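# A closer look at the structure
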Amino acid sequence: MASSSVVLLFFFFLCAPITSFLTEKKTFIFRVNSGLKPSVFSTHYHWYSSEFTEGPRILHLYDTVFHGFSATVTPDDAEILRNHPAVLAVFQDQRRELHTTRSPQFLGLRNQKGLWSNSDYGSDVIIGVLDTGIWPERRSFSDLNLGPIPKRWKGVCQTGARFNVRNCNRKLIGARFFAKGQQAAVIGGINKTVEFLSPRDADGHGTHTASTAAGRQSFRANMAGYASGVAKGVAPKARIAAYKVCWKDSGCLDSDILAAFDAAVSDGVDIISISIGGGDGISSPYYLDPIAIGSYGAASMGVFVSSSAGNDGPNGMSVTNLAPWVTTVGAGTIDRDFPGDVVLGDGHRLRGVSLYSGVPLNGRMFPVVYPGKRGMLAASLCMENSLDPNLVRGKIVICDRGSNPRVAKGLVVKKAGGVGMILANAVTNGEGLVGDAHLIPACNVGSNAGDRIKAYVSNHPNPIATIDFRGTVIGVKPAPVVASFSGRGPNGLNPEILKPDLIAPGVNILAAWTDAVGPTGIVSDHRKTEFNILSGTSMACPHVSGAAALLKSAHPDWSPAAIRSAMMTTASLVDNLNRTLIDESTGKRSTPYDFGSGHLNLGRAIDPGLVYDITNDDYIAFLCSIGYETKTIQVITRTPVRCPRRRPLPENLNYPSITALFPTSKRGLLSKTLFRTVTNVGESEVVYRVRIESPRGVTVTVKPSRLVFTSAVKKRSFAVTVTVDTKNLVLGESGATFGSVMWSDGGRHVVRSSVVVTQIDPL
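What you see is a predicted model, and the numbers here were worked out from it, not measured in a lab. (Residues numbered from 1 in each chain as written. Predicted model: local features only at pLDDT ≥ 70, side-chain atom pairs only at ≥ 80, totals over all residues. Heavy atoms only, no water.)

### A short note on the overall build of the protein
Under the convention used in this document: Segments assigned H or I by DSSP are reported as helices when at least four residues long, segments assigned E as strands when at least two residues long, and all are numbered from the N terminus. The atom set for the radius of gyration is the C-alpha atoms, and the globule formula is 2.2 Å times the number of residues raised to the power 0.38. Exposure categories follow from relative accessible area, calculated using a 1.4 Å probe and restricted to protein chains: below 20% of the type maximum is buried, above 50% is exposed, and the middle band is partly exposed.
Of the regular secondary structure elements, the protein holds 19 helices and 40 strands. Against the 2.2 N^0.38 benchmark of 27 Å for 763 residues, the protein shows a C-alpha radius of gyration of 27 Å, consistent with a compact globule. Classification of the 763 residues of the protein by burial places 60% in the buried group.

Here it is, written out as structure tokens:
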């Protein structure tokens, strides 16, 4: 009788009056309580297509990291379905954006030594890359001397335009593409004149990130002569599975991303690398964020997920991909640079960078002009058709950075008759420089240098300049430096969790490239290159993905949280001058809001001593602690949950960093006690002692001060009490003050946790 009632109730919703036949349809994602499927339906697809929507309108069926489906319906129909008793949540498909060699050595990896040796270069670990696809013919994806494909692999090599089963091998063991969301959202469907309806990469971004994470060794690698040498990924023997979710000129849609998460976990990947996120540093709540939902499903099944922190730095609270089960990666520089200096007629030389490889200026001086001098914003930015040929012909043109692509500005200058370009950073970009493969003689200079050049042009009757391209320089100091564009904390959703987690190389990274477009990616660039040099947290993320593959290979029993902990607690806080990491945008000392726990240091991460592990139950307790109702939590977790009667503190999630928040409304002496548990993964008989660096104006105590581990006792807990006197509390420019708690065994193990103390109003 109960079953009949359920069916009748579903029939009521199916037959509910639909009054929106003429309303434009959109794609929505429906989270369904799969346990309510009536027994009369043999499959969930049968249920969804019969009771929720017509079969042809269903785009994706989700059944691994998420239960439900995506479909094209009118907004009115979506609202009707939202009230269905089996529907837990409905959200509209949203568009995401991509967060767009020497770096493995810079991380402390050496041939036949350390983590590369102990992990056999990541052999048999499978990295799933959710991106723009892959160009399979590149040397980076050769399967020479690799063993058989791991038997646990259940994925496929999906065929399509210019992609067949022979494009996969023992290195690239799987490839899929997810286009149904795009096809439904884009009028006329995907533009097949610039795209491949297949896993083949028409953009280049996916080929670059995949080879950064796990590319094979390639000799004589370079981009137009720059960065010459041997290129290889962080885990060169790891296997790659490419999941194409982003499409040239149309971005990445949530419905396709979620389908790729579902497939990747079902296929059997160990690591998921996703250099995708929302723009403008805006993050949705976890239950409305398919990347957070998909990554939770993956992490709950033992899959490590790394994501990019976004490129909206140096603005505060610009970090994205904030879920605590995701490892969020910011970007730093490496000790390699591509100097292209501006030499002024008065003899001053101002530092810049460039990847220009055409005919050099050879010291010849040209008149230099700044179109923005006349107060024309479009001209100052060198927007299309904004330059007066009579003003710029035969001259080097100063263009302000912003609004349109950097390389495109040079083409505007060329079209107007200019001979070169000086790309000047805005104040918001600071001193952060990015090398581009310009099509005319051009370089990028920092904000201060730009102001100096503009002042020279303004004050000199006949200003002249040239650009000196100096090729590749290695051994640059200081390095690493926190990239100016890297997404910054604090965490805009839950400031109790420090984000980003850490930084990794993300500036001027050499990796494999597609043959479909030139190195700049613009339509008029017809150059071909096997490798390209890109910058972005998109480039930093796959470094951590590859690092996770090495750690997973060396420690197959470690959980995703343990792997992240190993990276975070051993991260480096100093550069190659042994000074605190510098913020590229300001030239000042950076903080944990910029770099999280520090810069990835794989030489130490393989043997961290202690790890902060986190279980699925811990994550559920965290979601309860931030006020989510049980139905809302089930949108993320797939299964019903129960929250404790007494709400836990979000700060007590067993995270490798520690944040203590105090309300601004309270004054005087305030105190808060937080708890952590560490697991010994080193020598069985060992004693750790605490060392505390208290933030300025703060007292931090830890009890107990000694942790004794034996073969029978692998876990120990401790309490961290943070006490502040608001009258004496001194917060820095970022609105917080910082310290650390370190556990040391007196030998090689120092397990460090960043401590953040701030006053903040409840969100």
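That was the structure; now back to the text.
### Side note on the sheet that holds strand S40 (residues 750-759)
Cut-off, in case you're wondering: A strand pair is defined by DSSP finding two or more bridges across the two strands. Between the N-to-C directions of two axes lies an angle of 0 to 180 degrees, each axis being a line fitted to C-alpha atoms and, for a helix, fitted only over the stretch in contact.
Reading across from one edge, S33-S40-S39-S35-S37 is the order of the five strands in this open sheet, with mixed pairing throughout. For this open sheet the edge positions go to strand S33 (658-662) and strand S37 (706-709), each flanked by a neighbour on one side alone. Adjacent strand axes in the sheet meet at a mean angle of 20°, parallel and antiparallel pairs treated alike. Here five bridges tie S33 to S40, and the two strands are oriented parallel to one another.

### Some words on helix H9 (residues 290-300)
Because the α-helix completes a turn every 3.6 residues, residues three or four places apart line up on one side. Heads up, the rule is: Polar contact is defined as a pair of N or O atoms within 3.5 Å, subject to the rule that within protein one atom must be able to donate a hydrogen and the other to accept it, and that residues adjacent in sequence are counted only when both atoms are side-chain atoms.
By the criterion of burial, H9 is predominantly enclosed, with 10 of the 11 residues buried. Among all positions of H9, only Pro 290, Ile 291, Ala 292, Ile 293, Gly 294, Ser 295, Tyr 296, Gly 297, Ala 298 and Ala 299 are buried. Near the N-terminus of H9, the side chain that reaches the backbone nitrogen of Ile 291, with its oxygen 3.0 Å away, is that of Asp 289. Count one or two residues on from H9 and you reach Gly 302, which has phi positive near 90°.

### Observations concerning the state of the cysteines
This is how it is decided: Only a pair of cysteine sulfur atoms within 2.5 Å qualifies as a disulfide here.
This model, assessed by the stated rule, comprises four disulfides. Each sulfur of the disulfide joining Cys 157 and Cys 168 lies 2.0 Å from the other. Judged by the torsion about the S-S bond (85°), the Cys 157/Cys 168 disulfide is right-handed. Taken together, the residues span a long stretch of sequence, with Cys 157 in the loop between strand S6 (126-131) and strand S7 (172-177) and Cys 168 in the loop between S6 and S7 at a distance of 11 residues. On the accessibility criterion, Cys 157 (17% relative accessible area) is buried. Residue classification places Cys 168 among the buried positions, given a relative accessible area of 13%. Here Cys 246 is linked by a disulfide to Cys 252, with a sulfur-sulfur distance of 2.1 Å. Taking the sign of the S-S torsion, 105° for the link of Cys 246 and Cys 252, the bridge is right-handed. Across the pair, Cys 252 and Cys 246 agree in class, each one buried.

### Structural notes on the packing of aromatic side chains
Two numbers describe a pair of aromatic rings. These are the distance of the centres and the angle of the planes. Quick note on the threshold: Two aromatic rings from Phe, Tyr or Trp, using only the six-membered ring of Trp, form a pair when their centres are within 6.5 Å; if the ring planes differ by under 30 degrees the pair is stacked, by over 60 it is edge-to-face, and anything between is tilted. Placement of a charge over a ring requires the Lys NZ or Arg CZ to be within 6 Å of the ring centre, with the centre-to-atom vector within 35 degrees of the ring normal.
Under the defined criterion, the tally for this structure stands at 24 aromatic pairs. Taken together, the ring pairs connect Tyr 286, Tyr 287, Tyr 296, Trp 325, Tyr 619, Phe 622 and Tyr 628 into an aromatic cluster. Above the face of the Phe 66 ring, Arg 31 is positioned so that its terminal group lies 5.7 Å from the ring centre. The residue whose ring lies beneath Lys 672 is Phe 662, and the NZ or CZ to ring-centre distance is 5.6 Å.

### Observations regarding the nonpolar core
Defined as follows: We define the nonpolar core as a collection of buried residues of types Ala, Val, Leu, Ile, Met, Phe, Trp, Tyr and Cys that are connected through side-chain atoms lying within 4.5 Å of one another.
Judged by nonpolar contacts, the single largest core of 58 residues is most densely connected at Tyr 243, Ile 272, Tyr 286 and Trp 325. Core analysis: the second largest hydrophobic core is formed by 45 residues, Val 125, Ala 175, Ile 240 and Ala 242 among them.

### Quick notes on the pattern of salt bridges
Using the following cut-off: For this analysis, a salt bridge means a side-chain nitrogen from Lys or Arg found within 4 Å of a carboxyl oxygen belonging to Asp or Glu.
By the definition in use, this model includes 27 salt bridges. Put simply, Asp 515 and Arg 138 hold a salt bridge, and the shortest N to O gap is 2.9 Å. Remark: Arg 138 occurs in the loop between S6 and S7 and Asp 515 occurs in the loop between strand S29 (509-512) and strand S30 (531-534); sequence separation between them is 377 residues. The residue Arg 349 makes a salt bridge to Asp 341 at a minimum N-O spacing of 3.3 Å. Given the relative accessible area of 3%, Asp 341 is considered buried. In this structure, a network of salt bridges that share partners links the residues Asp 341, Arg 349, Asp 468 and Arg 470.

### Quick word on the sheet that holds strand S12 (residues 251-253)
Reading across the sheet, the four strands line up as S11-S12-S5-S14 and stay open at both edges, with antiparallel pairing between neighbours. Two strands lie at the open edges of the sheet, namely strand S11 (246-247) and strand S14 (276-277), each paired on one side alone. For strand S5 (residues 95-98) and S14, the ladder comprises two bridges, and the chain directions are antiparallel. When the bridges of S14 are listed, Leu 98 appears paired with Ile 276.

### Here's the deal with the confidence of the model for the protein
The condition is simple: On a range of 0 to 100, pLDDT expresses the predictor's confidence in each residue. Whether two residues are in contact is decided by their heavy atoms, any of which lying within 4.5 Å being enough.
Mean pLDDT for the protein: 91, with 93% of residues reaching 70 or above. Ignoring residues within four places in sequence, the model shows residues 101-108, a span with pLDDT below 50, making 39 contacts including any to other chains.

### Describing the environment of Leu 81
Examined against the element boundaries, Leu 81 turns out to sit in helix H3 (residues 75-82). Sequence-distant contacts of Leu 81, that is, excluding residues within four places in its chain, are made with Phe 30, Phe 52 and Val 87.

### Points about the side chain of Asn 404
Locating Asn 404 in the fold gives a position in the loop between strand S22 (396-400) and helix H12 (406-415). Side-chain polar atoms of Asn 404 contact the backbone oxygen of Cys 382, separated by 3.2 Å. Ignoring any residue separated from it by four or fewer positions in sequence, one finds Asn 404 in contact with Leu 381, Cys 382, Met 383 and Lys 409.

### Some words on helix H13 (residues 447-459)
Formally: A helix is expected to span 1.5 Å multiplied by its residue count minus one.
Between its first and last C-alpha, H13 extends 18 Å over 13 residues, near the 18 Å set by a 1.5 Å rise per residue. Taken together, the buried positions of H13 are occupied by Ser 447, Ala 449, Gly 450, Ile 453, Lys 454, Tyr 456 and Val 457.

### So, the packing of helix H18 (residues 616-625) against helix H19 (residues 630-637)
This is how the line gets drawn: Angular relationships are summarised with four words: roughly parallel below 35 degrees, roughly antiparallel beyond 145, roughly perpendicular across 65 to 115, and oblique for the angles in between. Here is the rule for handedness: rotate from the far helix to the near one, and if that takes an anticlockwise turn smaller than a right angle the crossing is left-handed, while a clockwise turn gives right-handed. Side-chain classes are defined by residue name, with Ala, Val, Leu, Ile, Met, Phe, Trp, Tyr, Cys and Pro counting as nonpolar, Asp, Glu, Lys and Arg as charged, and the others, Gly among them, as polar.
Relative to each other, H18 and H19 sit at 140°, their axes nearing to 10 Å. Overall, the two elements H18 and H19 adopt an arrangement that is oblique. Crossing angle aside, the handedness with which H18 passes H19 is right-handed. Side by side, H18 and H19 meet where Ile 620, Leu 623 and Cys 624 of the first sit next to Ile 633, Ile 636 and Thr 637 of the second. Among the residues making up the contact of H18 with H19, the classes are represented as five nonpolar, one polar and no charged.

### Remarks on the packing of helix H7 (residues 205-214) against helix H14 (residues 537-554)
Taken N-terminus to C-terminus, the directions of H7 and H14 make an angle of 35°; their axes are 7 Å apart at the nearest point. Remark: the crossing between H7 and H14 carries right-handed chirality. The segment H7 lies against H14, with His 205, His 208, Thr 209, Thr 212 and Ala 213 engaging Ser 538, Met 539, Pro 542, His 543, Ser 545 and Gly 546. Its residues assigned to classes, the contact of H7 with H14 shows three nonpolar, eight polar and no charged.

### Description of unusual backbone geometry
Following Ala 479, the chain continues to Pro 480 via a peptide bond in cis, the omega torsion being -5°. When you line up the elements, Pro 480 lands in the loop between strand S26 (473-474) and strand S27 (481-482). Here the residue pair Lys 703 and Pro 704 is connected by a cis peptide bond, since its omega of -5° sits within 30 degrees of zero. Within the fold, Pro 704 resides in the loop between strand S36 (698-703) and S37. Backbone geometry at Asn 321 places phi at a positive 55°, although glycine is not the residue there. Here Asn 321 lies in the loop between strand S15 (304-308) and strand S16 (327-332). A residue is classified by how much of its surface remains accessible, and Asn 321, at 7% relative accessible area, is buried. You will see that Asn 362, though not glycine, has its phi angle at about 55°, which is positive. Tracing the backbone shows Asn 362 in the loop between strand S20 (352-353) and strand S21 (366-369). Assessed through its relative accessible area of 67%, Asn 362 is described here as exposed.

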